[in-house]
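# Observations on chain architecture
Now for the letters of each chain:
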Amino acid sequence: MKIDVLTLFPEMVEGPMTQSIIGKAIEAGKIEFETTDFRQFSNNKHNHVDDYPFGGGAGMLLKVEPIDLALASIRERSPKTKPRVILMDPAGKTFTQKDAEELAKEEHLVFICGHYEGYDERIRTLVTDEYSIGDFVLTGGELAATVMIDATVRLLPDVLGNDASAVGDSHSTGLLEHPQYTRPRVYKEMEVPEVLFSGNHAKIAEWQMKESLRKTYLRRPDLLDKYELSKEEEKLLEQIKEEEGC
């Protein structure tokens, strides 16, 4: 996969890309990563990429021309790919795990990170997607783009080293992940559930399913509205409601 980020502050994105799983994936050649400072494509003698909005209003708007020219330069460098161009915008679609799974199938992703008050509306004609990572506003799109890149890259084949480790992640199945434990078996009178030492894989799987449902029911019941329960899961959920006094 190739990833390009258009930004006025390349260092904000480049730092995280050298660390942890993403850094190892870049070193191993599993992804190509590049930033483009679109200020280089300004036609203004002061290299301004923003201007006042027509009709008045607070703040400055990112101009369309520098973004258009920067995208054209990326396409010239990668003529064989058809990139998915993503605009980071608080008004965009809220990014989810399913979106990460979809983006992980792409060959080339381009992220546009804005600053200032907003965008010239014509920039939206240059993109394929508009995403937000939540109902709040950041000073720029760099941190949001980094979050999306991390969530996407970890799903690429062989990036985690054990592809199965991503399959059961919270939100990947539609439910929150079940509780997990490691040594010591007892810590300050808090004991690991006995079933996990039973060696009975069927019972362990059932416990994991039930506790995944329990965590989702107690913490994110809204997820159950979109999740299609199997008959076994329906029975387990009824037990959970009785046990929790709900």
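Residues numbered from 1 in each chain as written. Predicted model: local features only at pLDDT ≥ 70, side-chain atom pairs only at ≥ 80, totals over all residues. Heavy atoms only, no water.

## Observations concerning the environment of Phe 136
Here Phe 136 shows up in the loop between strand 8 (129–132) and helix 5 (142–153). Spatially, the C-alpha atoms of Phe 136 and Pro 90 are 6.9 Å apart, while their sequence positions differ by 46 residues. (Helix = DSSP H or I, 4+ residues; strand = E, 2+ residues; numbered from the N terminus.)

## Re the environment of Asp 51
Along the polypeptide, Asp 51 turns up in strand 3 (residues 50–51). When its relative accessible area of 38% is taken as the criterion, Asp 51 is described as partly exposed. With 69 residues separating them in the primary sequence, Asp 51 and Asp 120 have C-alpha atoms 9.3 Å apart. (Buried < 20%, exposed > 50% of the residue type's maximum accessible area, 1.4 Å probe, protein only.)

## Topic: a nonpolar patch on the surface
A grouping of Phe 9, Met 12, Phe 136, Leu 138 and Leu 143 is seen on the molecular surface, where their side chains present a nonpolar patch of about 430 Å² in accessible area. Among the structural elements, Leu 143 can be located in helix 5. (Patch = residues over 30% accessible without salt bridge, like charges linked within 9 Å, V, L, I, M, F, W, Y side chains within 5 Å. Areas by Shrake-Rupley, 256 points an atom, 1.4 Å probe, with all protein chains shown as cover. Salt bridge = Lys/Arg side-chain N within 4 Å of Asp/Glu carboxyl O.)

## What to know about the packing of helix 1 (residues 10–17) against helix 5
Between helix 1 and helix 5, the shortest axis-to-axis distance is 9 Å and the interhelical angle comes to 25°. Relative to helix 5, the element helix 1 lies roughly parallel. Here the hand of the crossing between helix 1 and helix 5 comes out right-handed. The segment helix 1 lies against helix 5, with Met 12, Val 13, Pro 16 and Met 17 engaging Glu 142, Leu 143, Thr 146 and Ile 149. For the contact of helix 1 with helix 5, a count of residues per class yields six nonpolar, one polar and one charged. (Axes fitted to C-alpha atoms, helices over the stretch in contact; angles between N-to-C directions. Parallel < 35°, antiparallel > 145°, perpendicular 65-115°, else oblique. Left-handed = near helix turned anticlockwise from the far one by under 90°. Contact = heavy atoms within 4.5 Å. Nonpolar A, V, L, I, M, F, W, Y, C, P; charged D, E, K, R; others polar.)

## Examining the nonpolar core
Core analysis: the largest hydrophobic core is formed by 26 residues, its most contacted members being Ile 86, Met 88, Phe 111, Met 148, Ile 149 and Val 153. Elements with a contribution of two residues or more to this core: strand 1 (2–7), helix 1, helix 2 (20–27), strand 5 (84–94), helix 4 (97–103), strand 6 (108–112) and helix 5. Among the elements that line this core, the one with the most residues is helix 5, at six residues. Ignoring sequence-local partners within four residues, the contact set of Met 88 consists of Phe 111, Ile 112, Cys 113, Tyr 119, Tyr 131, Gly 141, Ala 144, Ala 145 and Met 148. Among the nonpolar cores identified, the runner-up in size contains 16 residues, and Leu 6, Phe 38, Ala 70 and Leu 87 belong to it. (Core = buried A, V, L, I, M, F, W, Y, C linked by side-chain atoms within 4.5 Å.)

## Quick word on the packing of aromatic side chains
Taken as a whole and assessed by the stated rule, the structure comprises one aromatic pair. With a centroid separation of 5.8 Å and 90° between ring planes, the pair formed by Phe 95 and Tyr 131 is classed as edge-to-face. Separated by 36 residues along the polypeptide, Phe 95 in the loop between strand 5 and helix 4 and Tyr 131 in strand 8 bring together distant segments of the chain. In this structure, Arg 185 is placed above the aromatic ring of Phe 197, and the distance from its NZ or CZ to the ring centre is 3.6 Å. (Phe/Tyr/Trp six-rings, centres within 6.5 Å; stacked < 30°, edge-to-face > 60°. Lys NZ or Arg CZ within 6 Å of the ring centre and 35° of its normal.)

## Concerning the packing of helix 7 (residues 201–219) against helix 9 (residues 231–243)
The contact between helix 7 and helix 9 brings their axes to 9 Å, and the two run at 60°. The angle between helix 7 and helix 9 places the two elements in the oblique class. Note that helix 7 runs across helix 9; the crossing there is right-handed. Counted together, Glu 206, Met 209, Lys 210, Leu 213, Arg 214 and Tyr 217 of helix 7 and Glu 232, Glu 233, Leu 236, Leu 237, Gln 239, Ile 240, Lys 241 and Glu 243 of helix 9 form the full contact between these two elements. Considered class by class, the residues forming the contact of helix 7 with helix 9 number six nonpolar, one polar and seven charged.

## Details of the UniProt feature "binding site: S-adenosyl-L-methionine" (unreviewed entry) in the protein
As recorded in UniProt, the sites labelled "binding site: S-adenosyl-L-methionine" (unreviewed entry) are Gly 114, Ile 133, Gly 134, Asp 135, Phe 136, Val 137 and Leu 138. Among the secondary structure elements, Asp 135 is positioned in the loop between strand 8 and helix 5. (UniProt positions renumbered as here; feature names shortened; annotations may be inferred.)

## Looking at the pattern of salt bridges
Counting across every chain of the model gives 18 salt bridges. Here Glu 106 and Arg 84 are joined by a salt bridge, their closest N and O atoms 2.8 Å apart. With Glu 106 in the loop between helix 4 and strand 6 and Arg 84 in strand 5, the pair connects residues that are 22 residues apart, well separated along the chain. The class for Arg 84 is buried, based on a relative accessible area of 12%.

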